[in-house]
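Next come the chains, spelled out residue by residue.
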Amino acid sequence: MQQLDSLGELAALVRRRKGLYVRWAPTPEHRPGTSRDELTGAELPGLSVNPLDPEPWWRDQPLELWLARRLYDYCHLRHERRRETKPWVLAGRIVGSGPDNEPLLTDPEPVGRISTAVLGEARDLLRDRARHDADWGPLRRPPELTTRAPSRNSRD
């Protein structure tokens with residue numbers, strides 16, 4: 001499985017292969033086959049994932065910015081879950097939508113692991129854009145997420 005150490009590497013993978021998703025879990029095989037709705041406990045018919053392919057309305061915006069946004073949306077899961085949670089790139093078949101309208105994936109194929117350096121790079125890119133573009137909305141996240149991620153040279 002490929003280790004992804006930069007937004008550029010993740011973008012190159014997404015350009016080469018359509019239909020990839022990010023899943024936040026301790027391992028790509030964590031609870032193989034299903035997810036649970038955290039509010040009700042209902043078992044879902046697949047794994048909760050988020051698509052990495054940009055939507056058509058994204059148009060000429062940089063793919064790296066799209067990916068940074070996708071990662072930033074759920075980076076809080078690293079801190080909220082009991083076990084160490086990491087972002088994984090998966091492929092598979094979509095069988096429906098979860099309670100937050102997220103795709104549900106079956107037949108998961110682990111493709112890559114996204115390092116914490118990529119999460120820091122995503123956060124920094126979004127903060128930089130927000131600082132220089134008055135039209136951007138707030139980037140609210142819990143205070144522990146505002147600290148700098150480990151450097152690319154650190155072990156994940």
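Conventions used here
- Residues numbered from 1 in each chain as written.
- Predicted model: local features only at pLDDT ≥ 70, side-chain atom pairs only at ≥ 80, totals over all residues.
- Heavy atoms only, no water.
- Helix = DSSP H or I, 4+ residues; strand = E, 2+ residues; numbered from the N terminus.
- Buried < 20%, exposed > 50% of the residue type's maximum accessible area, 1.4 Å probe, protein only.
- Contact = heavy atoms within 4.5 Å.
- Salt bridge = Lys/Arg side-chain N within 4 Å of Asp/Glu carboxyl O.
- pLDDT = per-residue confidence, 0-100.
- Phe/Tyr/Trp six-rings, centres within 6.5 Å; stacked < 30°, edge-to-face > 60°.
- Lys NZ or Arg CZ within 6 Å of the ring centre and 35° of its normal.
- Core = buried A, V, L, I, M, F, W, Y, C linked by side-chain atoms within 4.5 Å.

Q: It is not clear to me how the overall build of the chain should be interpreted in this structure. Could you clarify?
A: Summing up its helical and strand segments, the chain has four helices and six strands in all. Listing the helices and strands of the chain from first to last along the sequence gives β-α-β-β-β-α-α-β-β-α. Burial status across the chain gives 42% buried among its 156 residues. Pairs at least 24 apart in sequence give 69% of the contacts found in the chain among residues at least 6 apart.

Q: Please clarify how the environment of A122 should be interpreted in this entry.
A: Mapped onto the fold, A122 is located in helix α4 (residues 116-132). Residue classification places A122 among the buried residues on the basis of a relative accessible area of 1%. The spacing of A122 and Y72 is 50 residues in sequence and 6.8 Å in space, taken between C-alpha atoms.

Q: What exactly am I supposed to notice about the environment of L126 here?
A: Within the secondary structure, L126 is located in helix α4. Taking the C-alpha atoms as reference, L126 lies 8.4 Å from Y72; in sequence the two are 54 residues apart.

Q: Just to check I follow, could you spell out the pattern of salt bridges for this structure?
A: Note that side chains of opposite charge can pair when their charged atoms are close. Per the stated rule, a full pass over the model turns up four salt bridges. Close ionic contact of R93 with D107 constitutes a salt bridge, the shortest N to O distance being 3.5 Å. You can see R93 sitting in strand β5 (residues 86-97) and its partner D107 sitting in strand β6 (residues 103-114), a full 14 residues away along the chain. What makes D107 exposed here is its relative accessible area of 54%. A salt bridge links R123 to D124, with the shortest nitrogen-to-oxygen separation between them at 3.0 Å. A relative accessible area of 6% places R123 in the buried class. By relative accessible area, which is 26% here, D124 ends up partly exposed.

Q: How should the confidence of the model for the chain be read in this particular structure?
A: Close inspection of predicted coordinates is inappropriate in any region flagged by low pLDDT. Within the chain, residue pLDDT values average 80, and 72% of them lie at 70 or more. Mean pLDDT values for the elements of the chain range from 58 in helix α3 (residues 77-80) up to 98 in helix α1 (residues 7-16). Scored below 50 in pLDDT, residues 141-156 makes 25 contacts in the model with residues more than four places away or belonging to other chains.

Q: Explain the packing of aromatic side chains here, please?
A: Each aromatic ring pair is summarised here by two numbers: the centre-to-centre distance and the angle between the ring planes. Tallied over the entire structure, the rule returns three aromatic pairs. Consider the rings of W57 and W66, whose centres lie 5.7 Å apart with planes at 70 degrees: the pair is edge-to-face. The interplanar angle of 65 degrees and the centroid separation of 5.2 Å between the aromatic rings of W58 and W66 together place this pair among those described as edge-to-face. By relative accessible area, W58 is classed as buried at 15%. The ring of W88 carries R113 above its face, with NZ or CZ at 5.9 Å from the centroid.

Q: What am I meant to see in the nonpolar core here?
A: Within soluble globular proteins, side chains that are nonpolar generally end up buried alongside one another. L10, L52, L67, L71, V89 and I114 are the most contacted members of the largest nonpolar core, which totals 26 residues. When residues of this core are traced back to their parent elements, those giving at least two are α1, β2 (21-25), α2 (63-74), β5, β6 and α4. Counting residues per element, this core draws most heavily on α2, at seven residues. If sequence neighbours within four positions are ignored, V89 has contacts with L4, L10, L13, L20, Y21, L52, E109, P110, V111, G112 and I114.

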